Amino acid sequence: MTDAWKSLTAAEKRTAEETFGALSIFDDLTADAKTEAEEGAERPIGFSDVYAFATGLEQPTQALRQALLRDRRLRSALDRLLDKTSLYRFPKVAAASSGAIEGRDGDNYKIRLKVSQAAPRQTYVIIEFRDLVTNPPSAILFSKPDGEYNIHPLPEPDGKIIQILTDSDSALVTALRNVDTEVYLR
Amino acid sequence: MNKVSVLIATTDGPVQVQRLAEEDPEVRSVICLNGTSEALPISAAYDAFVRKPTGVIERLFGHPVFRMDVSAKISDGHSWQLGIFAAHALHARGELAERLEDATHVLWLTGEVNNDHEVKRVDHVAKKLELSAAMLCGLAEGGGKVILGYPKGNVDEVEHALTEDPGLADAIFQAAPLESTNDLFVSLFLEDEATVSIVANAVEINEKNPGSSKLRLAGIVAALALVLAGVLGWNMFGEISRWRAMAASGAYEKLLFDIENIKNNGCLMCRAAARVYPVVAGWRSSGQGDLELTASEIHAPAGRSCSPFRFDRIDGEERLLDVASPRRFADSSIDGLCGVLYRIRNAGSRPFHAFLRVRPRSAIQNRAPAQRRNGARYALLAPGKTLAIRVKIPEWLRRDVIYGIHAIIGEGPINDVGRWAIGDDRTKPDRLRKSQLAILGLTARSMVHRVRLIEK
């Protein structure tokens, strides 16, 4: 047993046990899929795939996307993992009449969307920190209500601001504008 | 109208500025690749270069946020700053060419620009030139006027690179070593500004002296006619702006050589430009009216000797000397005289570079090189500011002494040519020296001042 485990509080150890329990159940549930995959062409989706997405900077693989779209429990497992690994999770935005928004407000973070004046087909995504953070986020992740997950790596902050320029119809901008999208900074 | 394309020199080859546009003040300035949303890693540094208080662009051009598109990646360093600065200057004038094929001029630039607009030395200039050579030669062959702009501190490197590659040297319309971004403006803003400034200056002169003689009016009309002729002759104003850039950067020797060479070997309009240039240089430079040269006797305060003054313990009492003639101050008596203060004052409305030298012309010899150096001073003088040299009169004088006081002012730095211009070379005829000073756009004044042992 490592020192890291020893340094956890009782509540943290309980959370870890629950997480591993859930992942174990998840692996059992996907065992059948694994067998089928071994017989067919597709590799089965396991915990390692979900974990790699939740902690890495790569886009989800096509297989993981499809698995997430069809399996609600897999999505719940990923959401729990994202909750544990993220610096901050933006709550869903209270319903707006149009369903489209131009930003999100959190306790220590704020996200704004600004369409470029110089190139209107592109949009600035600006993440502001209220305080300087020692460990700034390196990625923004989001999950849409239909089960689509995505990730966008972030550049180094400049002061209390991280700015990304991206196409206005990109997955990031459309997801951020949707009130039902869950957003994580990690 | 000129359309100027800007090439930023990098160690991966030249990068063209494709587009510059004002952006929403709520975002940060950004440099993007080829019109896409891919922001270059130097975007944060660009934002700092633009935005007040660290940046220079907002201070000059008024807007705090821009988006720039470039043709290839610029990864690191600060040598992109000069090119970016030029792009903003051209954008503000509506003269930035977004496509190379639309450009009348191509500016190849490298240099770091600090907060005081000084252009600082950068590394790898020779390599950047080598990687740009093929493109610059192609542009020149296509009729573009290729201008190189680089820090003055990199002159040797550039000259060496051009010597090594005669083909590239032939392709270069102008190579401009820059000390500050002001030099860039002089090099860049070619025929139009030269024309406008000259006309504006002529009008200004006329307004200041409405009652001036018909001769002056005729001179202005003649000059305007010459300007008009210059507008018709592209080469003429190309040459004039090139010489002005040399004068502004203090490259006087090169300027004199170039004009002499053009007079003998240049095209017809170039030779005409060489004849007109001394007049044009005189219009834009500070004149005799801006140069106030005075001398003041320094006496010991009542009841005290000159010794404390000689040991710098007191300042003494100043008494302004009269001017006896246009080239002579009134004589001074040695009686009670501790020293003399010779002073240049900028009586004009624009800053100028000033050089002042005081030397004994007879009876007294300076004893060491260090003392001789103390007799010359150089400064950039703002309007109303002064530059002074204080001469202590030795106690042991046994004969009268005559001091020669020489002052030069000019638009460009003049320290290097001060010794030459004030006439140490006695073999040079006075007329030749005057004509050369006119070419250089320098204004000189010489006075003498005698200190007598016995009141006559």
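The structure we're discussing is the one just above.
Residues numbered from 1 in each chain as written. Chains lettered and ligands numbered in written order. Predicted model: local features only at pLDDT ≥ 70, side-chain atom pairs only at ≥ 80, totals over all residues. Heavy atoms only, no water.

## Considerations on the overall build of chain A
At step 1: Secondary structure summary: chain A contains 7 helices and 8 strands in total.
At step 2: Across chain A, every contact between residues at least 6 apart in sequence was considered, and the portion connecting residues at least 24 apart equals 60%.
At step 3: Carbon and sulfur atoms form 51% of the exposed surface of chain A, whose accessible area is close to 10300 Å². (Helix = DSSP H or I, 4+ residues; strand = E, 2+ residues; numbered from the N terminus. Contact = heavy atoms within 4.5 Å. Areas by Shrake-Rupley, 256 points an atom, 1.4 Å probe, with all protein chains shown as cover.)

## Concerning the packing of aromatic side chains
At step 1: Applying the stated criterion across every chain yields a total of 8 aromatic pairs over all chains.
At step 2: Ring plane angle 80° and centroid distance 5.7 Å describe the contact between F49 of chain B and W80 of chain B, whose orientation is recorded as edge-to-face. Within this pair, whereas F49 of chain B is found in helix α1 (residues 43-50), its partner W80 of chain B is found in the loop between β4 (66-70) and α3 (81-92), the two being separated by 31 residues in sequence. When sorted by exposure, F49 of chain B lands in the same class as W80 of chain B, which is buried.
At step 3: Judged by centre distance (6.3 Å) and plane angle (50°), the rings of Y342 of chain B and Y403 of chain B are tilted. One end of the pair, Y342 of chain B, is in strand β15 (residues 337-346); the other, Y403 of chain B, is in strand β19 (residues 401-410), with 61 residues separating them in the sequence. The pair formed by Y342 of chain B and Y403 of chain B is uniform in burial state, with each residue classed as buried.
At step 4: Among the aromatic residues, those joined into a cluster by ring pairs are Y88, F90, Y109 and F129 of chain A.
At step 5: Its end group placed over the ring of F173 of chain B, K145 of chain B keeps NZ or CZ at 5.4 Å from the ring centre. (Phe/Tyr/Trp six-rings, centres within 6.5 Å; stacked < 30°, edge-to-face > 60°. Buried < 20%, exposed > 50% of the residue type's maximum accessible area, 1.4 Å probe, protein only. Lys NZ or Arg CZ within 6 Å of the ring centre and 35° of its normal.)

## Some thoughts on the environment of E95 of chain B
At step 1: As for its position among the elements, E95 of chain B is in the loop between α3 and β5 (105-109).
At step 2: Here the alpha-carbon distance between E95 of chain B and M1 of chain B, two residues 94 residues apart in the chain, equals 7.4 Å.

## Describing the sheet that holds strand β2 (residues 15-22) of chain B
Residue and element names in this part refer to chain B.
At step 1: An order of β3-β4-β2-β1-β5-β8-β9 is seen for the 7 strands of this open sheet, with the pairing classed as mixed. Where the open sheet ends on each side, the last strands, each with one partner, are β3 (30-33) and β9 (172-178). Neighbour-to-neighbour, the strand axes of the sheet open up by a mean angle of 30°, direction not taken into account.
At step 2: Two strands pair when backbone bridges link them, and β2 and β4 are joined in this way by 5 bridges, in the antiparallel orientation. Counterpart to E22 in the pairing with β4 is F66.
At step 3: Taken strand by strand, α1 contacts β2, β3 and β4, and its axis lies near 140° from that of β3.
At step 4: The strands touched by helix α4 (residues 125-141) are β1 (4-8), β5 and β8 (145-151); relative to β5, the strand with the most contacts, the crossing angle is about 170°. (Pairing = 2+ DSSP bridges. Axes fitted to C-alpha atoms, helices over the stretch in contact; angles between N-to-C directions.)

## Quick look at the pairing of strand β10 (residues 291-299) of chain B
Residue and element names in this part refer to chain B.
At step 1: Counting buried positions along β10 gives 8 out of 9 residues, so the element sits mostly inside the fold.
At step 2: Of the strand pairs in this sheet, β10 and β15 are connected by 9 bridges, and their pairing is antiparallel. Residue pairing for β15: T294 is matched across the bridge by R343.
At step 3: Note that β10 and strand β11 (residues 317-320) share 4 bridges and pair antiparallel. Within the sheet, the bridge partner assigned to E297 lies in β11 and is R319.

## Focus on the packing of α1 of chain B against α3 of chain B
Residue and element names in this part refer to chain B.
At step 1: Interaxial distance between α1 and α3 falls to 12 Å at its minimum, and their mutual angle equals 55°. Classified by the angle their axes make, α1 and α3 are oblique. Classified by chirality, the crossing of α3 by α1 is right-handed. Of α3, the residues touching α1 (which contributes Y46, F49 and V50) are Q81, I84, F85 and H88. (Parallel < 35°, antiparallel > 145°, perpendicular 65-115°, else oblique. Left-handed = near helix turned anticlockwise from the far one by under 90°.)

## Thoughts on the state of the cysteines
Residues and elements named next belong to chain B.
At step 1: Considering all chains together, one arrives at 1 disulfide over all chains under this definition.
At step 2: Each sulfur of the disulfide joining C306 and C338 lies 2.1 Å from the other. In this structure, the disulfide formed by C306 and C338 twists by about -80° around the S-S bond and is classed as left-handed. Taken together, the residues span a long stretch of sequence, with C306 in the loop between β10 and α13 (307-310) and C338 in strand β15 at a distance of 32 residues.
At step 3: Taking relative accessible area as the criterion, C306 reaches 12% and is therefore assigned buried. (Disulfide = S-S within 2.5 Å.)

## Structural notes on the pairing of β5 of chain B
All names here are of chain B.
At step 1: Within β5, 5 of the 5 residues are buried, leaving the element largely enclosed by the surrounding structure.
At step 2: Here β5 shows two buried faces, one formed by H105, L107 and L109 and the other by V106 and W108.
At step 3: In the sheet, β5 pairs with β8 via 5 bridges, with the strands oriented parallel. Residue pairing across strands places V106 opposite V146, the latter belonging to β8.

## Things to note about the sheet that holds strand β1 (residues 88-90) of chain A
All names here are of chain A.
At step 1: Strand order in the open sheet made by the 4 strands is β1-β8-β5-β6, with antiparallel pairing throughout. The sheet is open, and its two edges are formed by β1 and β6 (149-153), each paired on a single side. Each neighbouring strand pair of the sheet contributes to a mean axis angle of 20°, computed without reference to strand direction.
At step 2: Relative to strand β8 (residues 182-185), strand β5 (residues 139-143) is paired through 4 bridges, and the arrangement is antiparallel. Across the sheet, S143 pairs through a bridge with E182, a residue of β8.
At step 3: The strands touched by helix α6 (residues 72-85) are β1, β5, β6 and β8; relative to β6, the strand with the most contacts, the crossing angle is about 30°.

## Considerations on the interface of chain B and chain A
At step 1: Listed by partner, the interface residues are 16 residues for chain B and 15 residues for chain A.
At step 2: One can count 4 salt bridges joining chain B with chain A.
At step 3: Counting every contact that joins chain B to chain A gives 10 residue pairs in polar contact (both at pLDDT 80 or more).
At step 4: For the side of chain B that touches chain A, the element with the most residues is β2 of chain B, which contributes 3 residues.
At step 5: Class assignment of the residues belonging to the side of chain B that touches chain A gives a composition of 5 nonpolar, 3 polar and 8 charged. (Salt bridge = Lys/Arg side-chain N within 4 Å of Asp/Glu carboxyl O. Polar contact = N/O pair within 3.5 Å; in protein donor to acceptor, adjacent residues only side chain to side chain. Nonpolar A, V, L, I, M, F, W, Y, C, P; charged D, E, K, R; others polar.)

## Examining the pattern of salt bridges
At step 1: In this structure the tally under the stated criterion is 27 salt bridges over all chains.
At step 2: For E38 of chain B, the salt bridge goes to K73 of chain B, with nearest N and O atoms at 3.2 Å. Taken together, the positions of E38 of chain B in the loop between β3 and α1 and K73 of chain B in the loop between β4 and α3 put the pair 35 residues apart, joining distant regions of the chain.
At step 3: By sharing partners, the salt bridges in this structure join R112, K114 and E128 of chain A together with D24 and E26 of chain B into a single network.

## Considerations on the side chain of R452 of chain B
All names here are of chain B.
At step 1: Relative to the helices and strands, R452 resides in strand β20 (residues 442-452).
At step 2: According to the relative accessible area criterion, R452 is buried, its value standing at 19%.
At step 3: Ignoring any residue separated from it by four or fewer positions in sequence, one finds R452 in contact with D331, S332, S333, I334 and D400.

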